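Below are the chains, spelled out letter by letter.
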Amino acid sequence: MSTSEVNPEFDALLHYLKQNCGYDLTGYKPDSLMRRLQRRMQQLGIENYTSYLQYLQAHPQECAPLLDTILINFSGFFRDRNAWDYLANTIIPQIITSKQPYERIRVWSAGCASGQEVYTLVMLLVEILGIEQYLQRVQLFATDIDEVALKQAQQGIYNENEVADIPTQLLSKYFEQTEQGYVFCPQLRRSIIFGRHNLAVDAPMSKIDLLVCRNVLIYFKRETQASILVRFHFALTDKGFLFLGNSESLLNDRQIFIPVSLKHRIYTKGEKLGLDEHLLILPQTHNRKVVDPLTTKIHIWQAAFKTSPFAQLAVSYGGCLIVANEQAYALFGLTNSNIGALVRDLEIGQIVNSWALMRQLNRDRHPFSLKNIKWVNDNGTTYLDIHITPILDPEGKLLGANLTFIDVTQYIYLKDEIERLNSTLARVTQELHLTKEVLNSTKQELNNTQKESKNIH
Ligand SMILES: C[S@@+](CC[C@H](N)C(=O)[O-])C[C@H]1O[C@@H](n2cnc3c(N)ncnc32)[C@H](O)[C@@H]1O
């Protein structure tokens, strides 16, 4: 049953929330949405959806508490302990052994709420890999639609009740007890990439080895669940794993996922996606439409941009960050909330002067490169080659620039090493030369001395 068949007033309310609060709730199960809306209305003493819509119009700040009621943020450390044990003992070791020691392990906690799930993952991974390997190899993405919950997750501070399910030795190893509460180890916390991401709308991550999405799908209608599962299929590597909540089951008609452990809701990829399913993955294309060749071309271009092995981003003429691929997110510690921000206010502003770039592009209109740009941050010194390409509209007006970053740190160190070796070689050659000269003059002196002694005799 569609929501409009259920109740047009309710439908009008959803439409208003989509247009004015930026939250599209049409993919959620109407029954549970209605229950939650009614709970909020009761708190305010409002009797019907139309009156509540009027209240929302008069009080725009009402969006926040409403969403707080609708988006159920309940979470917990090691929630369903047996499933986490299975993950730690069976799945994570499989992921590690399937990879070369230098290869990254990419993990995504989708719908991470206030962070308990992410920190559970960190603790398990560090216990298995050791802290050094973890920091070198693991890329952990934590996303949620709810920015308030994400902020809490980023802080990583929990009260006595919240940490009750963490085994004592892990609690003392990974948390510091302070006046504010139990604070998760800051060094490990900083390794997590947090960002706002709407599972039903935004393009998914890619090349993920372990996708944890627990107790989120349950709130969506069947068709929205199916479209999210298609995105998850795209997000995972061929050997990747999907970990759902204990009470969730897969409802897809085709077997795009097959169970590894049904009991613990762990799945791996089954059938391949069809072309129409691929098109579902792209941002905002969850309504099936006829796709013209230009749109397909743009989508292919977007996919190439997103999956490029190099960090890439686009900057508007006015110096705002428009889009970035995952490599750029990881390299510059970007989050979704940085999209639209001025580049000069971001970490990347340390190495890129967007105003100067635009001036040069406006004048010359052709791509150029900046070589060996030195970038010093908490992780050490990195050298980057930056390739800058103008983005022009059909009339040739400059809209912005596409920036590709290539890490050349290894080459710089290699070049320094070669230069050092060359100068050592030159010094040794010089010394050899001098030694030869000394030897020659000693020989000469010896000859002279021999001659003189013969003359004396
Ligand atoms: C019940 S919590 C689950 C938390 C955690 N995964 C766990 O199992 O403990 C559900 C989370 O899903 C998030 N969520 C709801 N709709 C979402 C969407 N469209 N995209 C991303 N996250 C969403 C909510 O904000 C909430 O934080």
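Under an unreviewed UniProt entry, the name given to the chain is protein-glutamate O-methyltransferase, and the source organism is Chlorogloeopsis fritschii PCC 6912. Under the Catalytic activity (unreviewed entry) heading, UniProt states for the chain: "L-glutamyl-[protein] + S-adenosyl-L-methionine = [protein]-L-glutamate 5-O-methyl ester + S-adenosyl-L-homocysteine".

### Re the site of the ligand
In the vicinity of the ligand lie 22 residues, with Tyr28, Ser75, Glu117, Asp144 and Asn215 positioned nearest. A distance of 2.8 Å separates an oxygen atom of the ligand from a polar side-chain atom of Arg79. A distance of 2.8 Å separates a nitrogen atom of the ligand from a polar backbone atom of Gly111. Burial of the ligand by the surrounding chains reaches 98%, relative to a free accessible area of 600 Å². A per-class count over the shell around the ligand returns ten nonpolar, seven polar and five charged.

### Considering the sheet that holds strand 14 (residues 380-392)
One open sheet accounts for five strands, arranged 12-11-15-14-13; its pairing is antiparallel. A single partner strand is all that each edge strand has here, and the edge strands are strand 12 (321-324) and strand 13 (368-377). Ignoring strand direction, the axes of neighbouring strands in this sheet form an average angle of 25°. Both strand 14 and strand 15 (residues 398-407) contribute to a ladder of nine bridges, which runs antiparallel. Paired with Leu392 across the bridge in strand 15 is Leu398. Set on the sheet, helix 16 (residues 354-364) makes contact with strand 11 (311-316), strand 13, strand 14 and strand 15; between it and strand 15 the angle comes to about 115°.

### Considering the nonpolar core
Within the largest apolar cluster, 52 residues are counted, with the highest numbers of intra-cluster contacts made by Trp108, Leu211, Phe232, Leu242 and Phe257. Contributing elements (two or more residues each) for this core: helix 2 (8-20), helix 3 (30-44), helix 4 (49-58), helix 5 (63-70), strand 1 (105-110), strand 7 (208-213), helix 12 (222-235) and strand 8 (236-244). Residues lining this core come from more than one domain, with at least three contributed by each of domain 1 (3-70) and domain 2 (81-278). Val107, Ile166, Leu171 and Phe243 belong to the second largest nonpolar core, which has 45 residues in total.

### Some remarks on the UniProt feature "domain: PAC" (unreviewed entry) in the chain
If you check UniProt for "domain: PAC" (unreviewed entry), the listed places come out as residues 366-420 in our numbering. The distance separating the terminal C-alpha atoms of residues 366-420 is 37 Å; by composition the span is 22% helix and 60% strand.

### A short note on the side chain of Asp24
One can find Asp24 in the loop between helix 2 and helix 3. At a separation of 2.5 Å, a polar atom in the side chain of Asp24 contacts the side chain of Thr26.

### Section: the sheet that holds strand 4 (residues 175-177)
The strand order 3-5-4 describes an open sheet built from three strands, whose pairing is antiparallel. In this open sheet, the two edge strands, each paired with only one partner strand, are strand 3 (157-158) and strand 4. Pairing of strand 4 with strand 5 (residues 182-184), which is carried by three bridges, proceeds in the antiparallel orientation. Looking across to strand 5, one finds that Phe175 is bridged to Phe184. In the packing of helix 7 (residues 116-129) onto the sheet, the strands contacted are strand 3, strand 4 and strand 5, and the crossing angle to strand 5 comes to about 60°.

### Observations regarding the packing of aromatic side chains
According to the stated counting rule, one finds 13 aromatic pairs in the structure shown. Between Phe77 and Tyr158, the ring centres sit 4.9 Å apart and the planes meet at 80°, which makes this aromatic pair edge-to-face. Here Phe77 is found in the loop between helix 5 and helix 6 (81-97), whereas its partner Tyr158 is found in strand 3, with 81 residues between them in sequence. The buried category is assigned to Tyr158, whose relative accessible area is 3%. Here the aromatic rings of Phe175 and Phe184 are separated by 5.2 Å at their centres, their planes lie at 75°, and the arrangement is edge-to-face. Phe184 sits in the buried class, given a relative accessible area of 0%. Three or more aromatic residues link up through ring pairs in this structure, and these residues are Phe77, Tyr119, Tyr158, Tyr174, Phe175 and Phe184.

Parameters at a glance
- Residues numbered from 1 in each chain as written.
- Predicted model: local features only at pLDDT ≥ 70, side-chain atom pairs only at ≥ 80, totals over all residues.
- Heavy atoms only, no water.
- UniProt positions renumbered as here; feature names shortened; annotations may be inferred.
- Near = heavy atom within 4 Å.
- Polar contact = N/O pair within 3.5 Å; in protein donor to acceptor, adjacent residues only side chain to side chain.
- Areas by Shrake-Rupley, 256 points an atom, 1.4 Å probe, with all protein chains shown as cover.
- Nonpolar A, V, L, I, M, F, W, Y, C, P; charged D, E, K, R; others polar.
- Pairing = 2+ DSSP bridges.
- Helix = DSSP H or I, 4+ residues; strand = E, 2+ residues; numbered from the N terminus.
- Axes fitted to C-alpha atoms, helices over the stretch in contact; angles between N-to-C directions.
- Contact = heavy atoms within 4.5 Å.
- Core = buried A, V, L, I, M, F, W, Y, C linked by side-chain atoms within 4.5 Å.
- Buried < 20%, exposed > 50% of the residue type's maximum accessible area, 1.4 Å probe, protein only.
- Domains from an automatic or database assignment.
- Phe/Tyr/Trp six-rings, centres within 6.5 Å; stacked < 30°, edge-to-face > 60°.

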